[in-house]
Amino acid sequence: MENLPKGTLIAFIAVHVNVVLKLIHRPLVFFQLDGRLNGHADSREKVTEFGFDYCYWSVDPESPKYASQEEVFQDLGVSVLAGASEGYNVCLFAYGQTGSGKTYTMMGTPDSTGLTPRICQHELCCPLSIRSFLEIYNERVRDLLRCPEQKPNTLRVREHPEKGPYVQGLLQYIVSDYKQAVKLLEMGIGNRMTATTHMHDASSRSHAIFSIQYTQAILENNLPSEIVSKINLVDLAGSERADPNFCRDRITEGSNINKSLVTLGIVISGLAQNSQMFSSCQSINSMASEGEGSTVGSQSSSLSGSTRRQCFIPYRDSVLTWLLKDSLGGNSRTIMIATISPSCSSYNETLSTLRYAAHARNIVNKPRVNEDANVKLIRELREEIDRLKSMLLSFEMRNSSPSLSDDRDGSFSDIVLQNELKVSVRNWGT
Ligand SMILES: Nc1ncnc2c1ncn2[C@@H]1O[C@H](COP(=O)(O)OP(=O)(O)OP(=O)(O)O)[C@@H](O)[C@H]1O
């Protein structure tokens, strides 16, 4: 890799964590492992390959391979908006070393806007969209849309049994146009904690989460319904080794940032391990089910035993992972953008970011459309009625003699009638 001066940076790599958004193409990043890493005295070179969903190079605007903010938006931002319009929760987060371009990618500069303002500009035609903007600084949650003097300035994280973790008392603004959205974004960015580190003059010392919640009114099976989806846009703080020359504040910040990023790493590794275990069990199970009956039984039972030994995911060990619980391994389509520097001096950090991202790529999330519970039940009951009706019909056709099928037909008809009754009761209730 070229030896570029610090600060001239930046290449960034997008990694789709979620299998649902899986590969369109698979660009590779080649990384040279030299003697420093392996501890070899000689300079024999090894090359390690990392495969990601997208790979962008934005070091030199004159270069033919230069990736602009618009290109990144077209690939990633558009899929975020598409997911939200279908009713999924979507999370996009930037991870990487201090000064490697996380804030540039997520927020951008006045001349070159990043993903978050572009997403706000192109957002869904939806009458009701709600914004909130928070930061996690020293393991405490602060509302970035509240005046810094306004109390309380530290908020509590709580967990709802169905909706999951949330921040109590976080301000939520209803926004109707792009101007209002950008005003909120600018206010939040202005309130965010930054400080000078040896890598970067205005380093973000906190993790920032900008959320957009959409509520779409739809008509399903002639019933009015609502789909709620949430977009979380996360700009993580950069990792920074504790430098004894820093003042105590910087050291405390650094250790809290590292604590949450280490927990994020543990969570990602655990989820990746569980996802791999699950997919290998599934493939062995499907192979087994194609084989002989007796072998199937024994293999399946031993495999279901191994799925039970999934590792515990310590989401609550840091505020960051607790709040991102759904985005990591839960009900969300998640995209991770790993930002790296092409500078030789960032060699170790770059390798560790690439490894981190490669782990994250193995996670399998379980996104689902957030539809209205009543409408969902009615849809399921109607599907059940249709299924039972077709079974009834096929029984009638197969059994010409009514005496043979009377009993079973009777029970099917009863279930069909019961379900139709439930649907009408639900219809009256909505
Ligand atoms: N692709 C790029 N093109 C031009 N300038 C860039 C690019 N990426 C980053 N920069 C500039 O490099 C500097 C550092 O980038 P940025 O603030 O995004 O880093 P960061 O990873 O968010 O750092 P930290 O974790 O310390 O907050 C900024 O001045 C930013 O505008």
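Small disclaimer: the values here were computed from a predicted structure and weren't measured.

So, how was this worked out
- Residues numbered from 1 in each chain as written.
- Predicted model: local features only at pLDDT ≥ 70, side-chain atom pairs only at ≥ 80, totals over all residues.
- Heavy atoms only, no water.
- Helix = DSSP H or I, 4+ residues; strand = E, 2+ residues; numbered from the N terminus.
- Buried < 20%, exposed > 50% of the residue type's maximum accessible area, 1.4 Å probe, protein only.
- Contact = heavy atoms within 4.5 Å.
- Areas by Shrake-Rupley, 256 points an atom, 1.4 Å probe, with all protein chains shown as cover.
- Pairing = 2+ DSSP bridges.
- Polar contact = N/O pair within 3.5 Å; in protein donor to acceptor, adjacent residues only side chain to side chain.
- Salt bridge = Lys/Arg side-chain N within 4 Å of Asp/Glu carboxyl O.
- Expected span 1.5 Å × (residues − 1).
- Phe/Tyr/Trp six-rings, centres within 6.5 Å; stacked < 30°, edge-to-face > 60°.
- Lys NZ or Arg CZ within 6 Å of the ring centre and 35° of its normal.
- UniProt positions renumbered as here; feature names shortened; annotations may be inferred.

J.: Which parts of the structure should I look at to understand the overall build of the protein chain?
T.: Per the secondary structure count, the protein chain includes eleven helices and 17 strands. Expressed as a percentage of its 430 residues, the buried residues of the protein chain come to 47%. Here the contacts in the protein chain between residues at least 6 apart in sequence split such that 73% fall between residues at least 24 apart. For the protein chain, the computed accessible surface area is about 22,400 Å², with 53% contributed by carbon and sulfur atoms.

J.: Would you explain the pairing of strand S5 (residues 90-96) in this entry?
T.: Side chains on a regular strand alternate between the two faces of the sheet. Of all seven residues making up S5, seven are buried, and the element is well covered by its neighbours. What you see with S5 is no split at all: Val-90, Leu-92, Ala-94 and Gly-96 on one side and Cys-91, Phe-93 and Tyr-95 on the other are buried throughout. With seven bridges connecting them, S5 and strand S17 (residues 333-340) associate as parallel partners. Residue pairing in the sheet places Val-90 in a bridge with Arg-333 of S17.

J.: Would you mind showing me how to read the pairing of strand S11 (residues 164-167) here?
T.: Judged from the four bridges that link them, strand S10 (residues 157-160) and S11 form a sheet pairing that is antiparallel. Note on S11: the bridge partner recorded for Val-157 is Val-167. Remark: three residues form the turn of the hairpin made by S10 and S11, two consecutive strands paired antiparallel.

J.: Would you take a moment to explain the side chain of Ser-341 for this structure?
T.: Relative to the elements of secondary structure, Ser-341 occurs in the loop between S17 and helix H9 (347-360). Within the structure, the side chain of Ser-341 is placed 3.5 Å from the side chain of Ser-346, a separation counted as a polar contact.

J.: What am I meant to see in the pattern of salt bridges here?
T.: A side chain of one charge can pair with a side chain of the opposite charge when the charged atoms of the two come close. One pass over the structure, following the stated rule, counts eight salt bridges. We note a salt bridge from Glu-86 to Arg-333, for which the minimum N-O separation is 3.4 Å. Of this pair, Glu-86 sits in the loop between helix H2 (69-85) and S5 while Arg-333 sits in strand S17, placing them 247 residues apart in sequence. Judged by relative accessible area, Glu-86 falls into the partly exposed class, the value being 41%. Linking Glu-159 and Lys-325 is a salt bridge whose minimum nitrogen-to-oxygen distance equals 2.7 Å. With Glu-159 in strand S10 and Lys-325 in the loop between helix H8 (319-323) and S17, the pair connects residues that are 166 residues apart, well separated along the chain. A relative accessible area of 29% means that Lys-325 is categorised as partly exposed. Through salt bridges with shared partners, a single ionic network connects Glu-159, Arg-316 and Lys-325.

J.: What exactly am I supposed to notice about H9 here?
T.: Taking 1.5 Å as the rise per residue, H9 with 14 residues should run 20 Å; its terminal C-alpha atoms sit 20 Å apart, in good agreement. Within H9, burial applies to Tyr-347, Glu-349, Thr-350, Leu-351, Thr-353, Leu-354, Tyr-356, Ala-357 and Ala-360.

J.: Would you mind going over the packing of aromatic side chains with me for this structure?
T.: The geometry of an aromatic ring pair is captured by two quantities: the separation of the ring centres and the angle between the planes. Scanning all chains against the criterion turns up four aromatic pairs. Centre to centre, the rings of Tyr-54 and Tyr-56 are 6.1 Å apart; their planes meet at 5°, and the pair counts as stacked. Each of the two residues, Tyr-54 as well as Tyr-56, counts as buried. Ring plane angle 85° and centroid distance 5.1 Å describe the contact between Phe-133 and Phe-210, whose orientation is recorded as edge-to-face. In this pair, Phe-133 is assigned in strand S8 (residues 128-137) and Phe-210 in strand S15 (residues 207-220), connecting sequence segments 77 residues apart. The same class applies to Phe-133 as to Phe-210, namely buried. For the cation-ring pair, Lys-65 lies above Trp-57, with the distance from its terminal atom to the ring centre recorded as 4.6 Å. For the cation-ring pair, Arg-333 lies above Tyr-88, with the distance from its terminal atom to the ring centre recorded as 4.0 Å.

J.: Help me out: how do you make sense of the UniProt feature "binding site: ATP" (unreviewed entry) in the protein chain in this one?
T.: Per the UniProt annotation, the sites labelled "binding site: ATP" (unreviewed entry) are Gly-96, Gln-97, Thr-98, Gly-99, Ser-100, Gly-101, Lys-102 and Thr-103. With respect to the secondary-structure elements, Gln-97 resides in the loop between S5 and helix H3 (102-106). Overall, the relative accessible area of 10% leaves Gly-101 in the buried class.

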